[in-house]
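# Secondary and tertiary structure notes
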Amino acid sequence: MKKTILGCALAISLFGTSCLGPNQTFNKLHDWNKTVTSNKWGNEAVFLGLNIIPVYGLCYLADIVVFNSIEFWKGETK
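A quick note: this is a predicted structure, and the numbers were derived from the prediction, not measured. (Residues numbered from 1 in each chain as written. Predicted model: local features only at pLDDT ≥ 70, side-chain atom pairs only at ≥ 80, totals over all residues. Heavy atoms only, no water.)

### Re the overall build of the protein
Stated precisely, the cut-off is as follows: A run of H or I in DSSP counts as a helix once it spans at least four residues, and a run of E counts as a strand once it spans at least two, with each numbered from the N terminus. Buried residues are those whose accessible area, probed at 1.4 Å on protein chains only, stays under 20% of the maximum for their type, while exposed residues exceed 50% and partly exposed ones sit between those limits. Two residues form a contact once any of their heavy atoms are found within 4.5 Å. Only the protein chains shown count as cover for residues, and all accessible areas are computed by the Shrake-Rupley method using a 1.4 Å probe.
Helices and strands together make up the secondary structure of the protein, namely 4 helices and 0 strands. Counting every position in the protein, which comprises 78 residues, the buried fraction comes to 21%. Look at the contacts in the protein between residues 6 or more apart in sequence, and 67% of them connect residues 24 or more apart. Accessible surface computed for the protein: about 6,100 Å², of which carbon and sulfur atoms make up 69%.

Structure below.
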């Protein structure tokens, strides 16, 4: 079941809109992660935690499938 869902998500992202958008949601999460603590080890711990929980993966998937598609169809991408 997981392989089917992953395959569908991959197919949609590759053949859906063909839009390489700005990935603003993923970039905002990444920028927040860089400043969440004042030291690099704390930021690394948060980064690993967000990858174990799959926040980074879900955020990137939502960016590709949903948000970039919306921007493409609204004509807001360059």
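### Section: the side chain of Asn23
Note the following rule: Residues adjacent in sequence count toward polar contacts only when both atoms are side-chain atoms; beyond that, a polar contact is any pair of N or O atoms within 3.5 Å, and within protein one must be able to donate a hydrogen and the other to accept it.
By the element assignment, Asn23 lies in the loop between α1 (2-15) and α2 (24-35). There is a polar contact of 2.7 Å between the side chain of Asn23 and the side chain of Asn68. The contact partners of Asn23, leaving out residues within four places of it in the chain, are Tyr60, Asp63, Ile64 and Asn68.

### Describing the confidence of the model for the protein
Selection rule: Per-residue confidence from the predictor is reported as pLDDT, a score between 0 and 100.
Of all residues in the protein, 81% attain a pLDDT of 70 or more, and the chain-wide mean is 82. α1 is the least confidently modelled element of the protein, averaging 70 in pLDDT, while helix α3 (residues 40-52) averages 93, the highest of any element.

### With respect to the packing of aromatic side chains
For the record, the criterion: What counts as a ring pair is set by centres within 6.5 Å for rings of Phe, Tyr and Trp (its six-membered ring), and what kind of pair is set by the plane angle: stacked under 30 degrees, edge-to-face over 60, tilted for all other angles.
Across all of its chains, the model carries 3 aromatic pairs by this definition. Aromatic pair Phe26 and Tyr56: ring centres 5.5 Å apart, planes at 70°, arrangement edge-to-face. Of this pair, Phe26 sits in helix α2 while Tyr56 sits in helix α4 (residues 55-74); the two residues are 30 residues apart in sequence, bridging distant segments of the chain. Of the residues examined, Tyr56 reaches a relative accessible area of 4% and is grouped as buried. Within the aromatic cluster, the residues linked to one another by ring pairs are Phe26, Phe47, Tyr56 and Tyr60.

### Focus on the packing of α2 against α3
Defined as follows: Whenever a helix is involved, its axis is fitted only over the stretch in contact; in every case the axis is a line through C-alpha atoms, and angles between N-to-C directions fall within 0 to 180 degrees. Classification used: nonpolar for Ala, Val, Leu, Ile, Met, Phe, Trp, Tyr, Cys and Pro, charged for Asp, Glu, Lys and Arg, polar for all others including Gly.
Look at α2 against α3: their axes get within 8 Å of each other, and the N-to-C directions meet at 145°. Across from Leu29, Trp32, Asn33, Lys34 and Thr35 in α2, the residues of α3 making contact are Asn43, Val46, Phe47 and Leu50. Looking at the contact of α2 with α3 residue by residue, the classes come out as 5 nonpolar, 3 polar and 1 charged.

### A few points about unusual backbone geometry
Across residues other than glycine, the phi torsion is negative in most instances, and most of the peptide bonds are trans. Unlike most non-glycine residues, Asn23 shows phi in positive territory, near 50°. For Asn23, a relative accessible area of 15% corresponds to the buried category.

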